[in-house]
Amino acid sequence: MADFPNTARVVIIGGGAVGASALYHLAKAGWTDCVLLEKNELTAGSTWHAAGNVPTFSTSWSIMNMQRYSTELYARLGAEVDYPMNYHQTGSIRLAHSKERMQEFERARGMGRYQGMDLDILGLDEIKDRYPFIETHDLQGALYDPNDGDIDPAQLTQALAKGARDMGARVLRFTPATGVSREGDEWIVQTEKGDIRCDYVVNAAGYYAQRVGEWFKPYGGRTVPMMVMSHQYMLTDEIPELEAWSKEAGHKLPLLRDVDSSYYLRQEKYGLNLGPYERNCKAHWVQPDDPMPEDFSFQLYPDDLERLEWYVEDAMARVPLLGTGGVNKVINGPIPYAPDGLPLLGPMPGVPNAFEACVFTFGIAQAGGAGKVLAEWITEGATEWDMWAVDPRRYTDYTDRDYCIAKGMEVYGHEYAMHFPWHEWPAGRDRKLSPVHDRVKALGGVMGAYNGWERANWFAKPGDDTSEEATQTWNRAGPWEQRIREECEAVRDGCGVLDLPGFTRLWVSGAGADDWLRGFVTGGLPKVGRMNLVYVADTRGRIVTEFSCVRLAEDSFVLITAATAQWHDGELVRNALAEGLSLRETTTERDALLLAGPKSREVLEGLTDGDLSLPWLSHQHCTVAGQKAFLIRVSFTGELGWEIHGEFDAIPAIYDALIEKGVKPFGMYALNSLRVEKGYRAWKGDLSTDYSMLEAGLERFVKFDKPQDFTGKAALLAEKQQGRKKAFVTLKVDAGEADAPYMSTVWHDGKIVGETTSGAWGYRVGASVALAMIRPELAEAGTEVEVEIYGERRRAEVQPDGSMWDPENERLRA
């Protein structure tokens, strides 16, 4: 082919709504030398049979940002690219059957209001006013979103493609990619029509993403964590009453979602579209007798209506009008699912200059925002909003086939479920176990999963209710509350131990490691035998990550970070590592025990040959309970304490010895309470690319005068001169039954002035505590603000700079 493009800056594999949006946004950013490859016609995958709903609702800040952006884009896209589009912003009504659901809606309303969306809470009469055909007798209320609606997925995709073409980008239909290879810094994408050399590749292959992902394994890739679900929706015949009402009203009914019953109901012309997410759901292409076909373009599965029976009956009881329309058509097509139901959007783990924009369960609603985010990642190296919720590196090596199937079916069957702070989903558990897992469980450990690692959240006593049902609350009270209090008090008054498997450990060594590391992080490095916190910033001065930096020798350092940061931070270090330096990861070879409390030295004295007089932030090799160990004198609890690191084989004897000496085991919930009282930041909550180092109050970890330049220095110097836009504060909150969740809106004099990044009850200070980012002029101690907690504005007071508990760190240094 004479006009076949043999080179491009970016090649996108997959021509659905997400792939087309990525091409459009790359072209908008000035990268017009980009190519999209589609094996069939555009929209041939999940896009063509998608229902086309476009909600903004989410309790994830980044997902809400993406979906909000989509609605804004779609409203102007048709005119912008001169392509006719059927986009109906009908508004939506999301029904609540319980107080807990109303609390969730109130939280979403607060987040939406912050983002400029006019979400509203409806009473029963208001629901009936907007949707006259509904039965409301057993409802608590509803959430109304005026921007919600539906769009024709094919028209959306074609409009995005046209806009991209008009700017100079290329769309090659009926051009399947057949593989990739790499030469130097270039990718070669193979097709039946020829090869395309490019700088970047994007896997936007929808439910074929796992198959495409296999091509990248020789270059550091992994199996894409996903599976495919069968999703059905049905269209009724036209209903005369609905036609008459629509003509008189001059608009369609709002899109209705009964989230507690698990379905949506939408007006389609003068009929209705019913789409359930049923518990007795079905996965496809997961068994040997049901293999994924080579090409499933524009195809559907056979109808399987029996499993929808309950949902159809429930919807007809809610909207009796539905029962008057016969079934006109049933759509049953494949939808990809990641283990948490969120897409894979961002850098492809382990693979240079490769990205993923795939496994979108709600691809039409998220396509606009996804294209924007991906284009920013590729062209600028960073995104406007922190996108960790969808970053493919959030999953590591535990997401095998069985895990993905189990979690995908769990998520689909609970598509509209509330994600309570005390609840753990039961599918796909026990992927990674510490060497004392059985001991922790025997002591009453109620477990949670952290990057696949099982850790105790709290310790139950005989008779405590540990059922899933008990966790269905946003409130503080529950069987865990008294136990968390007891655990915090033990750490405050005596000694506690937390088994903490999964710490990410990156050992950097070699001649020049000191100089390289000084240029990599924003601040200074510890002396040999000491440790400190170091931070990495992006070019905007925003927080990329935090490490505990342990200096073993002049040119030997161990960087320790969160379990969930394993692939994110490992890649960050590998990509920046200077030539000649070595990096070894020991994450899965070692476990850590957190020993904390004023009696922890007394406990250790009879167990170790280490020097327990060494100061805070020191470390040493020694033995504990006769086992080789590495002691670090540091404590995330704010009490005197040590981290005891050891090989897996050494940990059981150490743990047993501590328990025999009367040390009380404590869990992650208690640790969260203790660290919030100290104002200690958590990774991807308080520490994210949404905030700069200066906004987060971390200027003491920025060394502007060191000879090495570091990423973000220029931006931070400019910010220091011009002033920061937000300021980190600790708030003492007059909370009611619930503490402030992540991204609770902060108000002052009737205006939104910031958001919380963490919240918990502080059992040592006897108060509800929130960490927040607010306007700098309000960051003075004593300033009164309000924190919106599930719809209630609760008085809060800015605390003096530093920690609410032991502000002089006397207990830590004891």
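Check the entry above for the structure.
In this text the structure is predicted, and so the values were computed from the model without any measurement. (Residues numbered from 1 in each chain as written. Predicted model: local features only at pLDDT ≥ 70, side-chain atom pairs only at ≥ 80, totals over all residues. Heavy atoms only, no water.)

Draft legend 1. Seen up close, the pattern of salt bridges. All told, the structure shown has 61 salt bridges when counted by the stated rule. The partner of aspartate 166 in a salt bridge is lysine 162, with the nearest N and O atoms 2.8 Å apart. Placement of both aspartate 166 and lysine 162 in helix α6 (residues 153-166) is noted, with a separation of four residues, approximately one turn of the helix. Given a relative accessible area of 24%, lysine 162 falls into the partly exposed group. (Salt bridge = Lys/Arg side-chain N within 4 Å of Asp/Glu carboxyl O. Helix = DSSP H or I, 4+ residues; strand = E, 2+ residues; numbered from the N terminus. Buried < 20%, exposed > 50% of the residue type's maximum accessible area, 1.4 Å probe, protein only.)

Draft legend 2. Local environment of the sheet that holds strand β29 (residues 619-624). Strand order in the open sheet formed by six strands is β29-β30-β31-β28-β22-β32, with mixed pairing between adjacent strands. The open sheet terminates on both sides in strands that have one partner only, identified here as β29 and β32 (664-665). Sheet strands in contact with helix α17 (residues 651-660) are β22 (496-499), β28 (590-596), β29, β30 (627-632), β31 (641-647) and β32, and its direction is about 15 degrees off that of β28. (Pairing = 2+ DSSP bridges. Contact = heavy atoms within 4.5 Å. Axes fitted to C-alpha atoms, helices over the stretch in contact; angles between N-to-C directions.)

Draft legend 3. Molecular detail of the nonpolar core. Of all hydrophobic cores here, the largest spans 50 residues; its most connected members are Val10, Ile12, Leu77, Leu156, Val202, Leu345 and Ile378. Among residues more than four places away in sequence, those in contact with valine 202 are Val10, Val11, Ile12, Ile13, Phe355, Ala357, Leu374 and Ile378. By size, the runner-up hydrophobic cluster in this structure holds 40 residues, among which are Met102, Met227, Leu255 and Cys281. (Core = buried A, V, L, I, M, F, W, Y, C linked by side-chain atoms within 4.5 Å.)

Draft legend 4. Representation of helix α10 (residues 363-380). Over its 18 residues, α10 extends 23 Å from the first C-alpha to the last, a length consistent with the 26 Å expected when each residue adds 1.5 Å. In the structure, α10 departs most strongly from a straight axis at glycine 369, where the bend amounts to approximately 35 degrees. Glycine 381 sits one or two positions beyond α10 and adopts a positive phi of about 80 degrees. (Expected span 1.5 Å × (residues − 1). Bend = angle between axes of the 7 residues up to and from the residue.)

Draft legend 5. Up close: the side chain of glutamate 677. Among the secondary structure elements, glutamate 677 is positioned in helix α18 (residues 668-678). Leaving out residues up to four positions away in the same chain, glutamate 677 has contacts with Gly762, Tyr763, Arg764, Val765, Ser803, Met804 and Trp805.

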